[in-house]
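This is what each chain is made of:
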Amino acid sequence: MKSLLLDYCHVAVACCVLFCCGVFPAVSLSQGLAAPAINLHHTSWSARDGAPESILSITQTSDGWLWLGGPAGLYRFDGMQFEQFAPVNAALPTQNVSLVNAVADGGLWIGYRSGGASFLRHGLIRNYGVQDGLPNRAVWGLEQDGSGRMWAATTLGLFYMERDHWQKPASSWGLAGGPYKTLMRDRHGVLWAQGDAGVYSLKPGETRFAKAAVDRGTGVLFELPNGNVVSWDALHGRLNLLTGPRQNTVYRQWGSIGDPGSLLIDRHGDLWVGLLDGLELHTARRITRATPRQGLSGRAVGAIFEDQEGNIWTSTSSGIDRFRHKRLTKLEVPEAAIGGGIIADDSAGVWIGSYHVVANEIGQATATPLLPQAGDGWDRRLTSFTRTSDGALWGASYGTLRRFQGAGSRSIALPAAIGGVRVQALQADKDDSLLVALLQHGLYRRRPQGTWEKAGSEGEVNVMARSDTTGLWLGYYPGLVVHAQGAAWRSYGAAEGLALGTVMALHLHGQHVWAGGEKGLALFGADHFRQISGVNGETFRGISGIVELENGDLWLNAFAGLFRIPGSEIAQFERQRDYHVQYERLDQLDGLEGSAPYIAPTPSLVLASDLRLWIARSTGMFLMNPAESLPPAPKRPVIIKALGPPGNGRPPQLPIRFAPGSSVLQFDYTSPALSIPERMRFRYRLEEVDTEWQDAGGRRNAYYSNLAPGNYRFSVTSTDYNGKWSDIITTVDFVIAPKATQTWWFKALCVLSLLTVAHIAYRWHIRRLGRQMVGRLQERVNERERIARELHDTLLQSVQGLVLHVHAALLKLPARDTARLQIETALQQADEVLDEGRERIRELRGEDAGKVSFADAVLAAAARLQHGDAGPIHLTISDSARQLNVTIYEDALAIVTEAVANAYTHARATRIEVEIHYGKREFRCILRDDGVGIPAAVLNDGGRQNHWGMCGMYERAARIKAKLVVHSREGSGTVWQLDVPAALAYTR
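Please read these numbers as outputs of a predicted model, since none were measured by experiment.

1. Quick word on the overall build of the chain
No. 1: Secondary structure summary: the chain contains 10 helices and 69 strands in total.
No. 2: What you see for the chain is a C-alpha radius of gyration of 53 Å, clearly larger than the 30 Å of a compact globule of 988 residues, by over 25%.
No. 3: In terms of its C-alpha atoms, the chain occupies a principal-axis envelope of roughly 180 × 100 × 45 Å.
No. 4: The burial tally for the chain puts 49% of its 988 residues in the buried class.
No. 5: When contacts within the chain are restricted to residue pairs at least 6 apart in sequence, those whose partners lie at least 24 apart make up 53%.
No. 6: Where the 101 positive side-chain charges of the chain centre and where its 98 negative ones centre are 3 Å apart.

2. Overview of the pattern of salt bridges
No. 1: Using the criterion set out here, one finds 39 salt bridges in the structure.
No. 2: Taking the shortest distance from any N to any O, the salt bridge between R285 and E361 comes out at 2.8 Å. One end of the pair, R285, is in the loop between β24 (278-282) and β25 (287-290); the other, E361, is in the loop between β32 (355-359) and β33 (365-369), and 76 residues separate them in sequence. This pair shows no difference in class: R285 is exposed, exactly as E361 is.
No. 3: One salt-bridge network, in which partners are shared between bridges, spans R327, D553, R564 and E584.

3. Considerations on the sheet that holds strand β19 (residues 229-233)
No. 1: The strand order across the open sheet built from four strands is β18-β19-β20-β21, with neighbouring strands paired in antiparallel fashion. Two strands in the sheet have a free side with no partner beyond their single neighbour: β18 (221-223) and β21 (249-251). Taking the axes of each pair of neighbouring strands and ignoring which way they run, one obtains an average angle of 40° across the sheet.
No. 2: Where β19 and strand β20 (residues 238-241) come together, four bridges link them in antiparallel fashion. Paired with S231 across the strands is N240, a residue of β20.

4. Comments concerning the side chain of D720
No. 1: For D720, the location among the structural elements is in the loop between β63 (710-718) and β64 (730-736).
No. 2: Of the buried charged residues, D720 lacks a salt bridge, with K724 as the closest side chain of opposite charge at 6.2 Å.
No. 3: At a separation of 3.1 Å, a polar atom in the side chain of D720 contacts the main-chain amide nitrogen of G723.
No. 4: One polar contact links the side chain of D720 to the main-chain amide nitrogen of K724, over a distance of 2.9 Å.
No. 5: If we ignore the near neighbours within four places in the chain, the residues touching D720 are P632, A633, R679 and M680.

5. Comments concerning the sheet that holds strand β8 (residues 117-121)
No. 1: The antiparallel open sheet is built from four strands, whose spatial order is β6-β7-β8-β9. Two strands bound the open sheet, and with one partner strand each, they are β6 (97-102) and β9 (124-128). Averaged over all pairs of adjacent strands, the angle between strand axes in this sheet comes to 20°, irrespective of strand direction.
No. 2: Relative to β8, strand β7 (residues 108-112) runs antiparallel, the two sharing four bridges. By the bridge assignment for β8, W109 is matched with F119.

6. Re the packing of aromatic side chains
No. 1: All told, the structure shown has 42 aromatic pairs when counted by the stated rule.
No. 2: Taking the centre distance of 5.5 Å and the plane angle of 85° together, the rings of F854 and F923 count as edge-to-face. Of the two residues, F854 is situated in helix α6 (residues 854-865) and F923 in strand β67 (residues 922-929); the sequence distance between them amounts to 69 residues.
No. 3: Relative accessible area serves as the criterion here: at 3%, F854 is assigned to the buried category.
No. 4: Looking at F923, the relative accessible area reads 0%, which means it is buried.
No. 5: An aromatic cluster of at least three residues, connected via ring pairs, comprises F658, F667, Y669, F682, Y684, Y704, Y712, F714 and F734.

7. Considering the confidence of the model for the chain
No. 1: On average, residues of the chain carry a pLDDT of 87, and 93% of them reach 70 or more.
No. 2: In the predicted structure, residues 1-33 sits below a pLDDT of 50 and forms 72 contacts with residues beyond four places in sequence or in another chain.

8. Things to note about the packing of α6 against helix α7 (residues 886-905)
No. 1: Contact geometry of α6 with α7 gives a least axis separation of 10 Å together with a crossing angle of 35°. For the pair α6 and α7, the crossing hand works out as right-handed. Between α6, through F854, A857, V858, A861, A862 and L865, and α7, the contact on the second element is made entirely by Y889, A892, L893, V896, T897, V900, A901 and Y904.
No. 2: Of the residues that constitute the contact of α6 with α7, the class distribution is 13 nonpolar, one polar and no charged.

9. Some remarks on the packing of α7 against helix α9 (residues 949-959)
No. 1: Orientation of α7 relative to α9, taken along the N-to-C sense of each, is 160°, at an axis distance of 9 Å. Judged by the inter-axis angle, α7 sits roughly antiparallel to α9. In the packing of α7 onto α9, the handedness of the crossing is left-handed. Contacts from D891, A894, I895, E898, A899 and N902 of α7 reach α9 at G949, M950, M953, R956, A957 and R959.
No. 2: Of the residues that constitute the contact of α7 with α9, the class distribution is six nonpolar, two polar and four charged.

10. Observations concerning the side chain of T386
No. 1: Note that T386 resides in strand β34 (residues 384-387).
No. 2: Among the polar contacts made by the side chain of T386, one reaches the main-chain amide nitrogen of A428 at a distance of 3.0 Å.
No. 3: When sequence neighbours within four positions are dropped, the list of residues in contact with T386 reads I343, A392, L393, W394, L426, Q427, A428 and L434.

11. Quick word on unusual backbone geometry
No. 1: P478 follows Y477 through a cis peptide bond whose omega is 5°.
No. 2: Mapped onto the elements of the fold, P478 is located in the loop between β43 (471-476) and β44 (480-485).
No. 3: Cis peptide bonds are those with omega within 30 degrees of zero, and the linkage from L654 to P655 qualifies with -10°.
No. 4: Mapped onto the secondary structure, P655 falls in the loop between β57 (639-644) and β58 (657-658).
No. 5: Its identity as a non-glycine residue notwithstanding, D527 has a phi of 65°, on the positive side.

Quick notes on the rules
Residues numbered from 1 in each chain as written. Predicted model: local features only at pLDDT ≥ 70, side-chain atom pairs only at ≥ 80, totals over all residues. Heavy atoms only, no water. Helix = DSSP H or I, 4+ residues; strand = E, 2+ residues; numbered from the N terminus. Rg over C-alpha atoms; globule rule 2.2 N^0.38 Å. Buried < 20%, exposed > 50% of the residue type's maximum accessible area, 1.4 Å probe, protein only. Contact = heavy atoms within 4.5 Å. Lys, Arg positive; Asp, Glu negative; His and termini not counted. Charge placed at Lys NZ, Arg CZ, Asp CG, Glu CD. Salt bridge = Lys/Arg side-chain N within 4 Å of Asp/Glu carboxyl O. Pairing = 2+ DSSP bridges. Axes fitted to C-alpha atoms, helices over the stretch in contact; angles between N-to-C directions. Polar contact = N/O pair within 3.5 Å; in protein donor to acceptor, adjacent residues only side chain to side chain. Phe/Tyr/Trp six-rings, centres within 6.5 Å; stacked < 30°, edge-to-face > 60°. pLDDT = per-residue confidence, 0-100. Left-handed = near helix turned anticlockwise from the far one by under 90°. Nonpolar A, V, L, I, M, F, W, Y, C, P; charged D, E, K, R; others polar. Parallel < 35°, antiparallel > 145°, perpendicular 65-115°, else oblique.

And the structure:
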């Protein structure tokens, strides 16, 4: 078990005194107060941050959650937010938690100071009490043995669970009675139990405990990194080694510990000691300390726990604290060295200001003054360094130069005409002459013989760098870089791509010439500079230190932090002009503080001979190993904590179905990562809504609105601490139920209703048109009958009377008289006219219409029109024949007859087909011929000029509300189609 538990009785008494009385015992801490601060990244949370107070126990489950138990209840922490936990299915028996312990299957055991225990897994809890065999006494330990059996340490002894029921072990187990306070299972599966009666162990598969030879227990148990087990004997204030070659002896690895309230041995074998007035870390070399003055959340330290990532967590009377490894170590160097020049030596050290500084592997610095009686005066602070080929170290201070070689040093005055001025930069040239940049006086050269001369052009030089490969480079105020090649000096400015503002850093490595300044970073190549920018708009502004490593990685000490650009990204930038490089930024989360210095010292970043980086910041000096990368966050899936309407989310329990009308949903998720959770980013996607991933940054919730009913899938994933996206995606499926008005059957019913209404409206409209047409047809019939009556009563009667008068006169003429013969001929013609008139009257009255079927009438008309060798028409009838309205009959017959006449006369067709369809919805006539077709111009004009056949056909069709369509092309025949609505065509 990772959590090494407290002596809970001891802590309970201490907490009672501490919190109830507010009185702290007087402890001699003269040595402790003088101890340096714990040199780890320290973060504290108090009640104002939501952290619980007076926590008694801390553990971590396999899903990454940090669990905390105390008098205020059960809490969990994902690295960003503390939240009091409430199970889904039932409440905790009490809020007074004494113990939390995670087990391998992902579950969490909870013990209570008032008695009883609970097991929590997947948000569901199972409570155990007196009814389940546990005594009504405080539970201080819960652990599994090597056989998977669960044990509980209580003030009434040990109990174990079998078939979901707790029972006290029989005497055959070999356990003494009395209170037990600590349970621990080591890496070999051995269960260790410690109580007032001593320390007992149970090996896997056995059913009898063995008692250790130490005389007393009353403390906590630990497993050392080498696998041995020790126990704390609080009564005698000592550690006992229980296993190994020197078992059952006093363990004195860390010397005197005092009277701790809690202890922990971490994975490195170092001892953490919780006291009533702070926290101590005991290593083999020294003791360091954390107190409220050094940022600890409170005085009295309760629980101490090491998580899966190696972070150390402590609880205090006022909050929670975390101690973790940091990539950068702040060095304790003399204040007089801060702000001075920096240069590396050949033995893993550096010269800083007026001191030579070395640091061991854990960051302890030792500073040796370069000058006797080094003080804080300007004339004794070295602001720039360089080295000549003879091994001498040259330093510049106010108004003078200093030369160091071996144990000796001497001062060298500046030219007499210049007087006391500040040296901006110092650089040794290839001939061992010194280039000295003086404030407001420009650049001077000191020859090895000791003579001085003005060098270069006018202007102030901020920074210089030289290498055998690329030569001498100088940065001039306000923003020029000059390359000195013998007597030829070439300047580079804005016209050559240099737009850095004040140039504060020059670095030469191989063929690379790097320039850094207030506006970013530039690389020289092909006789001009190219400025580099990073992804997400990063400009790397405020650079005063640059180091390129042999592996190609580039390190920048900039205003916003320490940046690393991988060598592969630099290579890609050299190939692609507009490429934005990927980078890593180190800041306060990595132990870096302050900002990069502006102007001085330069450089503010140097690489020591042991390949460690020394970094100058506004808050002091920092040391780091660039080969040490940030460990990735544990590979765990993102946890979806809750989903539902905003403010009413619930943990997901399948199946998930939301009530009708749930159009706005909130998703709360997290990924427990306890080292640097601030570096993690999230992205999510609602697959039925989003086409791409939505980048949420560090935000741990998502919102969606205007969601329609249906099935959905929400997906979320995260990055590690280095920004690399995980391939583990967490998904949850859910359903939003539709309202009654949103169901498919309601929509189908609405569509059906609309179709029914439309159909009724259409039928009503057709009937109305039919009634109108019948009325109009009746008017036409009445008009024809009136005309017929008028013709019969006037014209025919008059002609008949005239004929009778002429016939009477004829009888008086001689039989063979020529005049009589002529009159008889005229009377015969008059009879014919009367017969023709009567025929016309019968037609007007419609007495013959309908007596012949429409099909026979078409055949008869076609027979009259057939001439020469033209063949008869081919007639086809579909469906049962029905009686046509008189007007429809006449006009339809006239249209078909005209089409047949055109086919015989104009199209010269050899085959004519006529189809008659008595449909339920319409009466249709189709005529096809294989003639020469109708020219396009005739079709477009609606007939031939001065010919009225086609025009009459369209007019007749319009008069009876019919649709007449013609399809024809020259040489391909013609098709006529006449459609008459059934309501108008048929008489019944």
